[in-house]
Each structure stands twice: as C-alpha cells, then as structure tokens.
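Residue-level structural notes
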Amino acid sequence: MNIRRLRPTTALVGAAALGLTTLTACSSNTGDGRTDGKLDVVASFYPLQFLAQRIGGDAIHVSSLTKPGVEPHDLEISPRQTADLSKAGLVVYLKGLQPSVDRAIGQAEPKHVADAASYTTLEDHGTEVEGDHDHGGEGGHKGEAGHEGHAHSGDAAADPHIWLDPVRYAQVAKGVGKALEKADPDHATTYKKNTTALVKELTTLDQDFRNGLKDRSSDTFITTHAAFGYLAERYGLRQEAISGLDPESEPSPARIKGLHSVAKKDKVNTVFFETLVSDRTAKTLAGDLHLRTDVLDPIEGIGDKSKGDDYLQVMRSNLKALKKALGAK
C-alpha cells in the first residue's frame, strides 16, 4: 500500500546511505545466514528492529533497512540491499507498508521471512478523511471500538500502524519470536524467554494506557495523519486526522471546516504533529483555532527529536501527551 508520495531526494539520499552502511554484518556472511556464529536478522524499519533486538538479544545481529530520520514509506531499496536480503538468516517486515521492501523480498527470496501483518488483524482506518466530505460538519473518521471495515493481511486498504496498539504489537512479538525459533532452533530457549519478558512489558504498557486515560474529559484528538486508528480503537478514543493516511497531502477546505466544528464541539485543546514530517499544516490549524500543539509520535523511527530512546519510552511520552490533551487525571 503506497500511501505516501515519494520524496525523490530523500529516497535517493537514504538509499545511497543505506547502500554504504546497512547490513554490514551480512557483508561477511558465510552463506548460511550467520556472521560469527550469530543469526543475521534484517528488519524493514524501527518497530520491527526493536522486536528483533529485544527478542534475539546477544544471539543475533540486527540491521534495519530504514535508517534513522528516513520516512519508512519513502524507502527505496538498492540492488545491493536486495542481494544482501537473500543472504539474511531472517527478514522481518510488514507487508504493505513499504512497497520497495515487498518487491525486494520477492526478488531476493530469503530462506526465512516474518511478515508482521500475518501475526495480527489489520483494519481500514482513516481513508475516508482524505476526500472532500465534511461528514455533517463533525469532521472525519471515528476510531472507536466496533468500527466497521475489517481487512485481511495485505489488503490494499488496510492501516499498517499495528505497532501503536500494544496488544497487537505483543501479538507480532510472539510471531517474531516463533520465526526466530524456526530460523535458529539452537537458541529457541533464549527466544522463548525474551519473548515472554517483552510481552509482559507490552501488557504493562497496555494497562498503563487503560489506567492513564480512564478519567478524561474528552475522547477526541486531532493529529497530522491517521496513524493512530488502532490506538484510538483500543482505548475508546476518537482520532481526527488532518490529512488521512498521507501526512503530505493537503487537506480539503471541507476537511478543515469539519475540524473547526469538531474542535469546538468536543472541546479539543491540542493539535498533534509528528517528528518526521512537516508540522506546517498542524500549526496553521492550531493557530486558527487558538489551540496548543504537541507531539504524538507514530514511532516509525527513533531520531534526535524523539521523546525517548526506544519504543517503550516514546509510547509513554505519547501517553503523557494524550492525558494532557484529553484532560485525564
């Protein structure tokens, strides 16, 4: 699902850098998917890199196709990276998120592949806000539980942002753990132990969100793009995205009018933006409505502007920001 327009300059620069620096462990690969006796694992982007690192620990080498600061959707894979994929002991990716990765895996045909989308359910979130409908003046898509439009893994309409729901992310963690066991049975005990520990941490994170958002004065939050559909659905919130699934698309006048109505009706006090894309539209909307702005991070990568050093820390920063915006005690 190519849900964003490519920025050629970013994509080429990222690809050039990746061609020089990514998968260095695989360059000395002996042909069995290992380097220095450790399984070589290639993750397509940060959330899957995090899972592999936490579950694999010292038993594996992990590299990411997407470098810090590069928008995952914009990634283009070089011929060298495609060749390196064929040598990997395990490739962990999310089908439908990065079309260039999907194509490269099809060409490289690595022996062991873990598709995160196959370990949980994907749904259709937020696509309707990309049109010119103003939805009766109340703005865009609702993300509450019970939303219709379930989609199967790989469905072109499916929202890929499953890692922003700790429960679904834990399901993916279990799947990645099983994939590591299959690719490297000698360390199966380690992978089982680490998977259990990580799932426990994600269960705690889920409970922290439930408790933290329990007593709130509003359910609605406005954000740059519809990355938080699964999170909204999990905790009974209403996501209102300025630009739908594509943060680089310009919202229609009807959409802006609808957001004005939503902000007043639901007493919204914050417009969220993110770290890897422009905050211009969010800040313009916030200025028009005299609202504050804050960061709600889709955690597609960890960079200098991230409010935390890893997935768990940034998710807790997101929780803190949501609690403040929604008036939670």
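It should be noted that the structure appears before, not after, this text.
Going along each chain's sequence as written, the residues are numbered from 1 onward. Where totals are concerned, whole chains, interfaces and linings use all residues; where local detail is concerned, this predicted model gives features only for residues with pLDDT of at least 70, and gives and counts side-chain atom pairs only at 80 or more. Each side-chain value is worked out from all heavy atoms of the structure, with water and hydrogens disregarded.

Here we look at the overall build of the chain
Applicable threshold: Secondary structure elements follow DSSP: runs of H or I no shorter than four residues count as helices, runs of E no shorter than two count as strands, and numbering proceeds from the N terminus. Accessibility here uses a 1.4 Å probe with only protein chains present; expressed as a share of the type maximum, an area under 20% marks a residue as buried, one over 50% as exposed, and anything in between as partly exposed. By the convention used here, residues are in contact when the closest approach between their heavy atoms is within 4.5 Å. Where accessible areas are quoted, they stem from the Shrake-Rupley method and a 1.4 Å probe; at the residue level, only the protein chains shown are allowed to cover.
Secondary structure assignment for the chain yields eleven helices and eleven strands. Out of the 329 residues in the chain, the part that is buried amounts to 57%. Counting contacts in the chain only where the partners sit at least 6 residues apart, residues at least 24 apart contribute 67% of the total. With an accessible surface of roughly 13800 Å², the chain has 51% of that area assigned to carbon and sulfur atoms.

Comments concerning the sheet that holds strand 8 (residues 220-223)
Formally: Think of it this way: DSSP has to see at least two bridges between two strands before they count as a pair. Between N-to-C directions, angles span 0 to 180 degrees; the directions come from axes that are lines fitted to C-alpha atoms, helices contributing only their stretch in contact.
The four strands lie next to each other as 9-8-10-11, forming an open sheet whose pairing is parallel. Only two strands of the sheet have a single neighbouring strand rather than two, namely strand 9 (238-241) and strand 11 (292-295). Here the strands of the sheet are splayed against their neighbours by 35 degrees on average, with no regard to which way each runs. Where strand 8 lies against strand 10 (residues 270-273), two bridges are found, and the strand directions are parallel. The residue of strand 10 that forms the bridge with isoleucine 222 is valine 271. The sheet strands contacting helix 9 (residues 253-265) are strand 8 and strand 9, and the helix crosses strand 9 at an angle near 145 degrees. Against the sheet, helix 10 (residues 280-289) makes contact with strand 8, strand 10 and strand 11, and its axis sits at roughly 175 degrees relative to strand 10, the strand it touches most.

Quick look at the environment of isoleucine 60
With respect to the helices, strands and loops of the structure, isoleucine 60 is situated in strand 3 (residues 60-64). Through-space distance from the C-alpha of isoleucine 60 to that of threonine 35 is 8.8 Å; in sequence the pair is 25 residues apart. Those residues in contact with isoleucine 60, other than ones at most four positions away along the chain, are Lys38, Leu39, Val41, Ala52, Leu180 and Tyr191.

Section: the packing of helix 3 (residues 46-56) against helix 6 (residues 166-183)
Short version of the rule: Each angle is binned into one of four classes, with values under 35 degrees roughly parallel, values over 145 roughly antiparallel, values of 65 to 115 roughly perpendicular, and all other values oblique. We call a crossing left-handed when the near helix sits turned anticlockwise from the far one by less than a right angle, and right-handed when that turn is clockwise.
Look at helix 3 against helix 6: their axes get within 10 Å of each other, and the N-to-C directions meet at 55 degrees. Looking at the two axes, helix 3 sits oblique to helix 6. Considering only the axes of helix 3 and helix 6, their crossing is right-handed. Between helix 3 and helix 6, the residues in contact are Pro47, Leu48, Phe50, Leu51, Ile55 and Gly56 and Tyr169, Val172, Ala173, Val176, Gly177 and Leu180, respectively.

Section: helix 7 (residues 188-212)
The condition is simple: One less than the number of residues in a helix, times 1.5 Å, gives the span that helix is expected to have.
Helix length check: helix 7 (25 residues) gives 36 Å between terminal C-alpha atoms against 36 Å at 1.5 Å per residue, within 8%. Here helix 7 has its buried residues at Ala188, Tyr191, Thr195, Leu198, Val199, Leu202, Leu205, Asp206, Phe209 and Gly212. Looking at the buried residues of helix 7, the elements they touch are helix 3, strand 3, helix 6, helix 8 (229-235) and helix 11 (311-326).

Here's the deal with the pairing of strand 4 (residues 90-93)
Across a regular strand the side chains alternate sides, sitting on one face of the sheet and then on the other. Put simply, the test is: Seen with the strands pointing away from the viewer, any crossover whose path from the first strand over the helix to the second strand runs clockwise is right-handed.
A two-sided burial pattern is seen for strand 4, the buried positions comprising Leu90 and Val92 on one face and Val91 and Tyr93 on the other. Sheet analysis places strand 2 (residues 38-43) next to strand 4, joined by three bridges and oriented parallel. By the bridge assignment, valine 42 is partnered in strand 4 with valine 91. Here strand 4 runs beside strand 5 (residues 113-115); their pairing, made up of three bridges, is parallel. For tyrosine 93, the partnering residue across the bridge sits in strand 5 and is aspartate 115. Tracing the backbone out of strand 4, into helix 5 (residues 99-108) and back to the parallel element strand 5 gives a crossover that is right-handed.

Observations regarding the packing of helix 6 against helix 7
To be explicit about the condition: The nonpolar class holds Ala, Val, Leu, Ile, Met, Phe, Trp, Tyr, Cys and Pro. Asp, Glu, Lys and Arg form the charged class, and all remaining residues, Gly among them, are polar.
Axis separation between helix 6 and helix 7 bottoms out at 9 Å; the angle between their running directions is 175 degrees. Between helix 6 and helix 7, the angle falls in the class roughly antiparallel. Where helix 6 abuts helix 7, its residues Pro166, Val167, Tyr169, Ala170, Ala173, Lys174, Gly177, Lys178, Leu180 and Glu181 lie against Ala188, Tyr191, Lys192, Thr195, Leu198, Val199, Leu202, Leu205 and Asp206. Among the residues forming the contact of helix 6 with helix 7, the class breakdown is twelve nonpolar, two polar and five charged.

Considering the nonpolar core
Just so we agree on the cut-off: To qualify as a nonpolar core, a set must consist of buried Ala, Val, Leu, Ile, Met, Phe, Trp, Tyr and Cys residues joined through side-chain atoms within 4.5 Å.
Counting 60 residues, the largest nonpolar core has Trp163 and Tyr311 as the members making the most contacts within it. Counting only elements with at least two residues in this core, the list comes to strand 2, helix 3, strand 4, helix 6, helix 7, helix 8 and helix 11. At nine residues, the largest contribution of residues to this core is made by helix 11. Setting aside its immediate chain neighbours within four residues, tyrosine 311 contacts Tyr46, Phe50, Trp163, Pro166, Tyr169, Leu202, Leu205 and Ile299.

What about the pattern of salt bridges?
Operational definition: By convention in these notes, a salt bridge is any Lys or Arg side-chain nitrogen within 4 Å of a carboxyl oxygen on Asp or Glu.
What the rule picks out here adds up to 18 salt bridges. We note a salt bridge from aspartate 165 to arginine 168, for which the minimum N-O separation is 3.1 Å. Salt bridges linked by common partners bring Glu123, Asp165, Arg168, Glu233 and Arg234 together as one network.

Details of the environment of proline 110
When you line up the elements, proline 110 lands in the loop between helix 5 and strand 5. Residue proline 110 is classed as buried on the basis of its relative accessible area of 9%. For the pair proline 110 and lysine 87, spaced 23 residues apart in sequence, the C-alpha to C-alpha distance is 6.7 Å.

So far we have only geometry, and geometry alone does not tell us how the molecule works.
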